[in-house]
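Commentary on secondary and tertiary structure
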Amino acid sequence: AQSVTQLDSHVSVSEGTPVLLRCNYSSSYSPSLFWYVQHPNKGLQLLLKYTSAATLVKGINGFEAEFKKSETSFHLTKPSAHMSDAAEYFCVVTGGSYIPTFGRGTSLIVHP
Amino acid sequence: KAGVTQTPRYLIKTRGQQVTLSCSPISGHRSVSWYQQTPGQGLQFLFEYFSETQRNKGNFPGRFSGRQFSNSRSEMNVSTLELGDSALYLCASSLAWWEGEETQYFGPGTRLLVL
């Protein structure tokens, strides 16, 4: 069994300030973890993925995430938010199954 | 390389009708997965096809079905539409969805409205 919890449904930041989107997971197997972004009326775009290699994963557009097994977390960060980062972000886990489990999403709001 | 394409992009149907949605994966990708996205339930896995065979199915009623053709293009069908079937239907393709390590690439989705 597997599950994923995105701890915040909305995160609001000012442009130029750091971004932190939190994700906790559970999995009976060694998990693969992903972060996707969805802009309005668009499909999902992969930001980054963790698949049992380096625990600090760098993705596109300056995002990165750290896999912490002891905390069962995979939080997404970015040092400086840009207006174009405003979107819905999804944390996804798979493990021992072909069926990915999606978090409920975190809406990132960026203020000028 | 062209991305995942889905047709149609928007669709309006009435209750009781049926609908067929189409997905063309990225060239060379053999795995196609379908998802339903609604405000209430979020993103839910429908089913996944690989080399014309359904490998996995989510927890949806039998009204939801799909198939994959030899060129990897996939269709999903929903029969006897209900108001609750209104959603964004997303298709994703990958080279081979082995234990989640393969990256899935998503199409823009088909937005279905059932009246």
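The structure this text deals with has already been given above.
Residues numbered from 1 in each chain as written. Chains lettered and ligands numbered in written order. Predicted model: local features only at pLDDT ≥ 70, side-chain atom pairs only at ≥ 80, totals over all residues. Heavy atoms only, no water.

**Considering the overall build of chain B**
Within chain B, the secondary structure is distributed over zero helices and 11 strands. The buried share among the 115 residues of chain B stands at 51%. Within chain B, counting contacts between residues at least 6 apart in sequence, those at least 24 apart form 55% of the total. With an accessible surface of roughly 5,300 Å², chain B has 49% of that area assigned to carbon and sulfur atoms. Of the charged side chains in chain B, 11 are positive and 8 negative, and the gap between their average positions amounts to 9 Å. (Helix = DSSP H or I, 4+ residues; strand = E, 2+ residues; numbered from the N terminus. Buried < 20%, exposed > 50% of the residue type's maximum accessible area, 1.4 Å probe, protein only. Contact = heavy atoms within 4.5 Å. Areas by Shrake-Rupley, 256 points an atom, 1.4 Å probe, with all protein chains shown as cover. Lys, Arg positive; Asp, Glu negative; His and termini not counted. Charge placed at Lys NZ, Arg CZ, Asp CG, Glu CD.)

**Side note on the environment of B:Arg15**
Residue and element names in this part refer to chain B. Position of Arg15 among the secondary structure elements: in the loop between strand 2 (10–13) and strand 3 (19–24). Remark: the alpha-carbon pair of Arg15 and Leu113, spanning 98 residues in sequence, is separated by 9.9 Å. Excluding its chain neighbours within four sequence positions, the residues that come into contact with Arg15 are Leu81, Glu82, Leu83, Val114 and Leu115.

**Focus on the side chain of B:His29**
Residue and element names in this part refer to chain B. Position of His29 relative to the elements: it lies in the loop between strand 3 and strand 4 (31–38). By relative accessible area, His29 is classed as buried at 7%. Not counting residues up to four positions away in its chain, the partners in contact with His29 are Ser72, Ser93, Ser94, Leu95 and Tyr105.

**Let's talk about the nonpolar core**
Grouped together as the largest cluster of nonpolar side chains are 26 residues, with contacts concentrated most on A:Trp35, A:Leu48, A:Phe74, A:Leu76 and A:Tyr89. Top contributing element to this core by residue count: strand 10 (residues 87–94) of chain A, with four residues. Ranked by size, the runner-up nonpolar core spans 21 residues in total, among them B:Phe47, B:Phe60, B:Cys91 and B:Val114. (Core = buried A, V, L, I, M, F, W, Y, C linked by side-chain atoms within 4.5 Å.)

**Focus on the sheet that holds strand 8 (residues 74–78) of chain B**
Residues and elements named next belong to chain B. The sheet built from four strands is open, its strands ordered 1-3-8-7 with antiparallel pairing. This sheet does not close on itself; its edge strands, each paired only once, are strand 1 (5–7) and strand 7 (64–68). Strand-to-strand twist in this sheet, taken as the mean axis angle between neighbours without regard to direction, amounts to 20°. Direction of pairing for strand 3 relative to strand 8: antiparallel, over a ladder of five bridges. By the bridge assignment, Leu21 is partnered in strand 8 with Met76. (Pairing = 2+ DSSP bridges. Axes fitted to C-alpha atoms, helices over the stretch in contact; angles between N-to-C directions.)

**Here we look at the packing of aromatic side chains**
On inspection of all chains with the given rule, the structure shows 12 aromatic pairs over all chains. When the ring of B:Phe47 is compared with that of B:Tyr49, the centres are 5.7 Å apart and the planes differ by 70°; the resulting orientation is edge-to-face. The burial state of B:Phe47 is the same as that of B:Tyr49; both residues are buried. In textbook terms, an aromatic cluster arises when at least three aromatic residues are bridged by ring pairs, as seen for A:Phe34, A:Tyr36, A:Phe102, B:Tyr35, B:Phe45 and B:Phe106. (Phe/Tyr/Trp six-rings, centres within 6.5 Å; stacked < 30°, edge-to-face > 60°.)

**Re the interface of chain B and chain A**
Contact with chain B, which involves 25 residues of that partner, is made by 19 residues of chain A. At the boundary of chain B with chain A, total buried surface from both sides reaches about 1,900 Å², with 55% on carbon and sulfur atoms. Where chain B meets chain A, there are zero salt bridges. For the interface between chain B and chain A, the tally reads four residue pairs in polar contact (both at pLDDT 80 or more). Those elements giving two or more residues to the side of chain B that touches chain A turn out to be strand 4, strand 5 (42–50), strand 6 (53–57) and strand 9 (87–94) of chain B. Looking at the side of chain B that touches chain A residue by residue, the classes come out as 10 nonpolar, nine polar and six charged. (Buried area = accessible area lost by both parts, 1.4 Å probe. Salt bridge = Lys/Arg side-chain N within 4 Å of Asp/Glu carboxyl O. Polar contact = N/O pair within 3.5 Å; in protein donor to acceptor, adjacent residues only side chain to side chain. Nonpolar A, V, L, I, M, F, W, Y, C, P; charged D, E, K, R; others polar.)

All quantities given are derived from atomic positions and should not be read as evidence of function.
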